[in-house]
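Descriptive analysis of the structure
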Amino acid sequence: DVQLVESGGGLVQAGGSLRLSCAASGFTFDDYGIGWFRQAPGKEREGVSCIRGSDGSTYYADSVKGRFTISSDNAKNTVYLQMNSLKPEDTAVYYCTALCALVAGWAGTNTLDAWGQGTLVTVSS
């Protein structure tokens, strides 16, 4: 059973921090890339950050570079996204996914059409 379970969202003021977690089961993270897309009200879902299990390569959207850091514990099949210096425009539902190779441009990296349930991040000004 392929499953992604995520947690860590919440309400913070601008400049604050949150840490998201995504625990994968039913497949081995080593063979895939896992990370987050986000979707704000009225906007399209966009890639945020990803990490590749095989070598730890990372991807960051330009809007979060320097503020977000993605990491992984491969033995636990778990990925973490440390979000610092949060801005109101970061407000969105964040969805963990195994489709990261598509946005990161990792040719040859496996993909799964698997998504977490979403966790809401709200940043107040």
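What you are looking at is a predicted structure, and each value in this text was computed from that prediction instead of being measured.

1. A few points about the state of the cysteines
Tallying each qualifying case throughout the model produces 2 disulfides. Here Cys22 is linked by a disulfide to Cys96, with a sulfur-sulfur distance of 1.8 Å. Its S-S torsion of approximately -85° makes the covalent link between Cys22 and Cys96 left-handed. Of the two residues, Cys22 is situated in strand E3 (residues 18-25) and Cys96 in strand E9 (residues 92-97); the sequence distance between them amounts to 74 residues. What makes Cys22 buried here is its relative accessible area of 0%.

2. Focus: the sheet that holds E3
Strands pair in a sheet through their backbones, by hydrogen bonds, and they do so in one of two ways: parallel or antiparallel. Strand order in the open sheet formed by 4 strands is E1-E3-E8-E7, with antiparallel pairing between adjacent strands. Here the strands that pair on one side only, and so sit at the sheet edges, are strand E1 (3-7) and strand E7 (68-73). Across this sheet, the average inter-strand angle for adjacent strands is 15°, counted without regard to direction. Both E7 and strand E8 (residues 78-83) contribute to a ladder of 6 bridges, which runs antiparallel.

3. Brief notes about the environment of Ser85
Relative to the elements of secondary structure, Ser85 occurs in the loop between E8 and E9. Residue Ser85 is classed as partly exposed on the basis of its relative accessible area, which comes to 41%. For the pair formed by Ser85 and Lys43, sequence separation is 42 residues and the distance between their alpha carbons is 22 Å. Filtering out sequence-adjacent residues up to four positions away, Ser85 remains in contact with Gly15, Gly16, Ser17, Arg67 and Asp90.

4. Concerning the pairing of strand E4 (residues 33-39)
Counting buried residues along E4, 6 of its 7 residues qualify, which places the element largely inside the surrounding structure. Where E4 lies against strand E5 (residues 46-52), 6 bridges are found, and the strand directions are antiparallel. Of the residues in E5, the one forming a bridge with Phe37 is Gly47. Counting the residues between successive antiparallel strands, the hairpin from E4 to E5 contains 6 residues, one of them, Gly42, with a positive phi of roughly 75°.

Calculation rules
- Residues numbered from 1 in each chain as written.
- Predicted model: local features only at pLDDT ≥ 70, side-chain atom pairs only at ≥ 80, totals over all residues.
- Heavy atoms only, no water.
- Disulfide = S-S within 2.5 Å.
- Helix = DSSP H or I, 4+ residues; strand = E, 2+ residues; numbered from the N terminus.
- Buried < 20%, exposed > 50% of the residue type's maximum accessible area, 1.4 Å probe, protein only.
- Pairing = 2+ DSSP bridges.
- Axes fitted to C-alpha atoms, helices over the stretch in contact; angles between N-to-C directions.
- Contact = heavy atoms within 4.5 Å.

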